[in-house]
Amino acid sequence: MEVSGPEDDPLLAQLHRVQCPVCQQAMPAAHINAHLDRCLLLHPAGLAEPAQPRAKRRRPSETAALKQPATPTAAESSEGEAEEPDDGGDSEGRESDDAPPTPSGARLLPDFPGARPASPGGKGAGPRPAAAAGGGASPRSWGEAEAPEEEEAAGDADGEDDAGRWDAGAAAFGAPGGRPRAPAAEEVRQLLQGKPLADTMRPDALQDFVGQGRAVGPETLLRSLLEASEVPSLILWGPPGCGKTTLAHIIANNSKKHSIRFVTLSATSAKTTDVRDVIKQAQNEKRFFKRRTILFIDEIHRFNKSQQDTFLPHVECGTITLIGATTENPSFQVNAALLSRCRVIVLEKLPVEAVVTILMRAVNSLGIQVLDSSRPADPLSHGSNSSSEPSVFIEDKAVDTLAHLSDGDARAGLNGLQLAVLARLSARKTFGKKGGQSYSPSRVLVTESDVKEGLQRSHILYDRAGEEHYNCISALHKSMRGSDSSAALYWLGRMLEGGEDPLYVARRLVRFASEDVGLADPSALTQAVATYQGCHFIGMPECEVLLAQCVVYLARAPKSVEVYSAYNNVKACLRGHQGPLPPVPLHLRNAPTRLMKDLGYGQGYKYNPAYSEPVEQEYLPQELRGVDFFKQRWC
Ligand SMILES: Nc1ncnc2c1ncn2[C@@H]1O[C@H](COP(=O)(O)OP(=O)(O)OP(=O)(O)O)[C@@H](O)[C@H]1O
């Protein structure tokens, strides 16, 4: 996905002007890294150690120089305008020119882990957020804020050791040249605290919206409409964390530019009166100011049918443009009349690559560096860090694993990342020791196992209340029907590991025992009922094996739908019957009283045990004589 940064837009580039802390020259933020590379080489006095000609990357020691303003020379003063390509990162082969920049200006690689993204200080990266040190900045402000003089370079005083470590570290971790330094752990911690990373990273513009090409890709009608600010009433349907609210947020952002009101309500908390208030205001806005109102209702499926009816006439007459978000199938959860007035946009579970892109954007934005596992290197071999504040690294496979475990839910992935990093920062796990000597923490490494711990798998893989609940039980039922015991066990596991109620599964097994196994193995029903009772007695997790046993039993059992089909025929016959139902034949009626006997109840009935030979007798009403529900299809 293309992600544009200020450097892509000359206007934005002008707006994002920063001042070189060495020569004081002002320039577009996008040029600062390339400028600093040369500026610092021209001002070795600004370095804590002599500049090495190969040093295109910023070293921590160089960061110290950022605090020592130097007088600009003629050579530098024209440099900011005529930027030369920064080859520092390229020499390590880490940075792809094709890689789109993040909103913060950092580059992302489209494919992961085939290629590694640059860290935030990489080519095109903006400087570290000014408030990062103060903890108030959002990661999004990375490329916008500039306060190198506030930065306390962790390893500044380390001189040679630090410089060597940083260079080698950059090689080891894939950090390209041109970055002032990695943010210290404390800064990362402050960025992560207080607000969910998922919210902080929510894109504001359509070009930052990852994936969902089918719904809002470049060629889609919806995209053209959104770009023209002609937003139709929409129902955004998709699994959790796939970008429904984000898309609405982008529309809201866009609406502001076109003086369209955007009002948000959540169906979990809003009452009908709230909806009425919004509609009233929308009417006034339309009447007096000719302003349109877009009403976004999150989790619209939680409104009952009559609440949904409240919008109907107002959507119809254009007082409001409705955008509803739902994880549930709108065919069942949204009023048909409302549905017919809205365009349903189906958003899909985000593919792993898209989640990787989103995660890498967050990683870059936080200034966390990615440890490239394809380039094994012992970071400790590059010297110690005497700084009290270590830099933060994450294993590339940790990002990969996180993306896989997120199961298409970007929020889950971002939350997992946030938890893993915060947990690791709290534990301050370091790389260990070098040559038997202990080092003060020079780096904090977030590993694959950290992210696994950071994820609540159960909440990620399975949505107990939503669509996934029905999808999985259906998959289990069909696997058992197809006698695939292995697949059936898999779907059972998916549900139980996801926190499904075991009794819900057990009830389905009871049903299956009759519906699909039926009289081919009547003891299946006994097994299933016993399983239900067993689950009831012992609960989870002990009852999982009961369910597994029963699932395998049912999957392997012979199948017969004879009873099930015949009964369906009976139901179809009854439902399709025209006119009054035929009376029960008199001979089949019980006659407990004289009056009933006098009326002919029970007359002519042949009590079967009283006959040694087969009994000829009709049991169906007159008009159904001869019907065989096992043979005749009614539905
Ligand atoms: N397509 C996307 N592109 C970029 N970021 C995304 C995308 N989808 C989700 N995200 C990230 O994940 C977070 C959660 O997404 P969002 O709130 O849009 O999910 P949702 O589909 O509305 O989920 P829910 O149904 O649970 O409310 C966002 O804040 C954003 O950071």
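In this convention, every chain numbers its residues from 1, walking through the sequence in written order. Given that the model is predicted, a residue must reach a pLDDT of at least 70 before its local features are reported, and side-chain atom pairs must reach 80 or more before they are shown or counted; all residues, however, enter totals for whole chains, interfaces and linings.

Looking at an unreviewed UniProt entry, one finds the chain named ATPase WRNIP1, with Moschus moschiferus as its source organism. Turning to the chain, the UniProt annotation filed under Catalytic activity (unreviewed entry) states: "ATP + H2O = ADP + phosphate + H(+)". UniProt positions are given in the numbering used here, feature names are shortened, and annotations may be inferred rather than shown by experiment.

S.K.: How would you explain the overall build of the chain if you had to name every residue and give the values?
M.R.: Summing up its helical and strand segments, the chain has 26 helices and 12 strands in all. C-beta atoms are placed from the backbone for every residue, and two residues are taken to be in contact when these atoms lie within 7 Å. Considering only intrachain contacts with a sequence separation of at least 6, the fraction spanning at least 24 residues in the chain is 75%. Secondary structure elements are defined from DSSP: runs of H or I of at least 4 residues count as helices, runs of E of at least 2 residues count as strands, and each element is numbered from the N terminus.

S.K.: Summarise the confidence of the model for the chain; cite the residues concerned and give the values.
M.R.: For the chain, per-residue confidence averages 71 on the pLDDT scale, and 64% of positions sit at 70 or higher. For the stretch residues 44-180, pLDDT sits under 50, and the model shows 339 contacts to residues farther than four places along the chain or on other chains. The model gives residues 429-440 a pLDDT under 50, and that stretch makes 25 contacts with residues more than four places away or in other chains. Note: pLDDT gives the predictor's confidence per residue, expressed from 0 to 100.

S.K.: Describe in detail the site of the ligand, supporting the description with residues and values.
M.R.: Residues in contact with the ligand amount to 23 residues; listed here are only the nearest, Pro240, Gly243, Thr245, Thr246 and Ala410. Every element with two or more residues in the shell around the ligand is listed here: α7 (197-200), α10 (244-257) and α17 (410-427). In this entry, domain limits derive from an automatic or database-based domain assignment. In terms of domain composition, the shell around the ligand takes at least three residues from each of domain 1 (6-147 + 155-200 + 353-449) and domain 2 (212-346). In this analysis, residues qualify as near a molecule or strand once their C-beta atom, positioned from backbone atoms, comes within 6 Å of it.

S.K.: So what about unusual backbone geometry? Which residues, and what values?
M.R.: Here the phi dihedral of Gln212 falls at roughly 55°; this positive angle occurs in a residue that is not glycine. Following the sequence through the fold, Gln212 ends up in the loop between α7 and α8 (213-216). Positive phi values are uncommon outside glycine, yet Glu299 reaches one of about 55°. Along the chain, the position of Glu299 falls in the loop between β5 (293-298) and α12 (305-316).

S.K.: Any details on the pairing of β5? Residues and values, ideally.
M.R.: Put simply, a residue is buried when 20 or more other C-beta atoms lie within 10 Å of its own C-beta and exposed when 12 or fewer do; between those, it is partly exposed, and each C-beta is set from the backbone. With 6 of its 6 residues buried, β5 lies for the most part within the structure. With burial as the criterion, each face of β5 is covered, one bearing Thr293, Leu295 and Ile297 and the other bearing Ile294, Phe296 and Asp298. Being paired, for any two strands, means DSSP has found at least two bridges between them. Note: strand β4 (residues 261-266) against β5, 6 bridges, orientation parallel. Within β5, the position partnered with Arg261 by the bridge is Thr293. Call a crossover right-handed when, viewed with both strands pointing away from you, the route from the first strand across the helix to the second goes clockwise. Once the chain exits β4 it traverses helix α11 (residues 272-289) before rejoining the sheet at β5, and the crossover so formed is right-handed. Pairing between β5 and strand β6 (residues 320-326): 5 bridges, direction parallel. Residue pairing across strands places Phe296 opposite Ile323, the latter belonging to β6. Handedness of the crossover joining β5 and β6 through α12 is recorded here as right-handed.

S.K.: Any details on the packing of helix α15 (residues 352-366) against helix α16 (residues 396-405)? Residues and values, ideally.
M.R.: For the pair α15 and α16, the least separation of the axes is 9 Å and the interaxial angle reads 130°. As judged from the angle between their axes, α15 and α16 are oblique. Between α15 and α16 lies a crossing of right-handed hand. Where α15 abuts α16, its residues Val352, Val355, Val356, Leu359, Met360 and Val363 lie against Val399, Asp400, Leu402, Ala403 and His404. Residues are grouped as follows: nonpolar covers Ala, Val, Leu, Ile, Met, Phe, Trp, Tyr, Cys and Pro; charged covers Asp, Glu, Lys and Arg; every other residue, Gly included, is treated as polar. When grouped by side-chain class, the residues that make up the contact of α15 with α16 number 9 nonpolar, 1 polar and 1 charged. Fitted lines through C-alpha atoms give the axes, limited to the stretch in contact for helices. The angle between two N-to-C directions lies from 0 to 180 degrees. Here the angle decides the label: under 35 degrees means roughly parallel, over 145 means roughly antiparallel, 65 to 115 means roughly perpendicular, and every other value means oblique. Definitions for this section: a left-handed crossing has its near helix turned counterclockwise from the far helix by less than a right angle. A right-handed crossing has that turn clockwise.

S.K.: Describe the packing of helix α22 (residues 502-517) against helix α23 (residues 523-538), naming the residues involved and giving the relevant values.
M.R.: Look at α22 against α23: their axes get within 8 Å of each other, and the N-to-C directions meet at 175°. Relative to α23, α22 is oriented roughly antiparallel. Contacts from Pro502, Leu503, Ala506, Arg507, Leu509, Val510, Ala513, Ser514 and Val517 of α22 reach α23 at Ala524, Leu525, Gln527, Ala528, Val529, Thr531, Tyr532, Cys535 and His536. Taken together, the residues of the contact of α22 with α23 sort by class into 13 nonpolar, 4 polar and 1 charged.

S.K.: I'd like a rundown of the sheet that holds β5, residues and numbers included.
M.R.: Pairing within the open sheet is parallel, and its 5 strands lie in the order β4-β5-β6-β3-β7. Among the strands making up the open sheet, the edge pair consists of β4 and β7 (343-346). When the angles between neighbouring strand axes are averaged without regard to direction, this sheet yields 20°. Of the strands in this sheet, β4, β5 and β6 touch α11, which is tilted by about 175° from β4.

S.K.: Could you give an account of the sheet that holds strand β8 (residues 369-371), naming the residues involved and the relevant values?
M.R.: As summarised here, the arrangement of the 3 strands in space is β8-β9-β12, forming an open sheet in which the pairing is parallel. Looking at the sheet topology across the chains shown, the edges are occupied by β8 and β12 (443-446). Taking each pair of neighbouring strands and ignoring which way they run, the sheet shows an average axis angle of 35°. The pairing of β8 with strand β9 (residues 391-395) spans 3 bridges and is parallel. When the bridges of β9 are listed, Leu371 appears paired with Glu395.

S.K.: Explain the nonpolar core residue by residue, including any values.
M.R.: In this structure, Leu236, Leu359 and Val399 are the most contacted members of the largest nonpolar core, which totals 78 residues. A total of 9 residues in this core trace back to one element, the largest contributor, which is α15. When residues of this core are sorted by domain, at least three fall in each of domain 1 (6-147 + 155-200 + 353-449) and domain 2 (212-346). Beyond its immediate stretch of four places on either side in the chain, Leu236 contacts Lys244, Leu247, Ala248, Ile323, Gly324, Ala325, Ile345 and Leu347. The term nonpolar core refers to a group of buried residues, namely Ala, Val, Leu, Ile, Met, Phe, Trp, Tyr and Cys, whose C-beta atoms join them within 7 Å. Formed by 27 residues, the second largest nonpolar core is a distinct cluster that contains Leu509, Ala524, Cys535 and Leu547.

S.K.: Please give an account of helix α21 (residues 485-497) that cites residues and values.
M.R.: Helix span, expected: 1.5 Å multiplied by one less than the number of residues in the helix. Here α21 contains 13 residues, and its C-alpha end-to-end distance of 18 Å stays within 8% of the 18 Å for a straight helix at 1.5 Å per residue. Where α21 is concerned, the buried positions are Ala488, Trp491, Leu492, Met495 and Leu496. Projected down its long axis, α21 shows its buried positions confined to an angular sector of 130°, all on one face. Note on α21: the residue one or two positions beyond its end, Gly499, has a positive phi of about 95°. Directions drawn from the helix axis to the C-beta atoms are what define this arc.

S.K.: Give a detailed account of the environment of Val334, specifying residues and quantitative values.
M.R.: Turning to its location among the elements, Val334 is positioned in the loop between α13 (330-333) and α14 (336-339). When the C-alpha atoms of Val334 and Phe303 are compared, they prove to be 8.6 Å apart, with 31 residues separating the residues in sequence.

S.K.: With reference to specific residues and values, describe α15.
M.R.: An ideal rise of 1.5 Å per residue puts 21 Å on 15 residues; α15 measures up with 21 Å between its terminal C-alpha atoms. Of all the 15 residues making up α15, 13 are buried; the element is thus mostly covered by neighbouring parts of the structure. Of the residues trailing α15, Gly367 is marked for its positive phi of about 80°.

S.K.: Any details on the environment of Gly602? Residues and values, ideally.
M.R.: As for its placement among the helices and strands, Gly602 is situated in the segment after α26 (594-598). Not counting residues within four places of it along the chain, the set of residues in contact with Gly602 comprises His587, Arg589, Asn590, Ala591 and Lys597.

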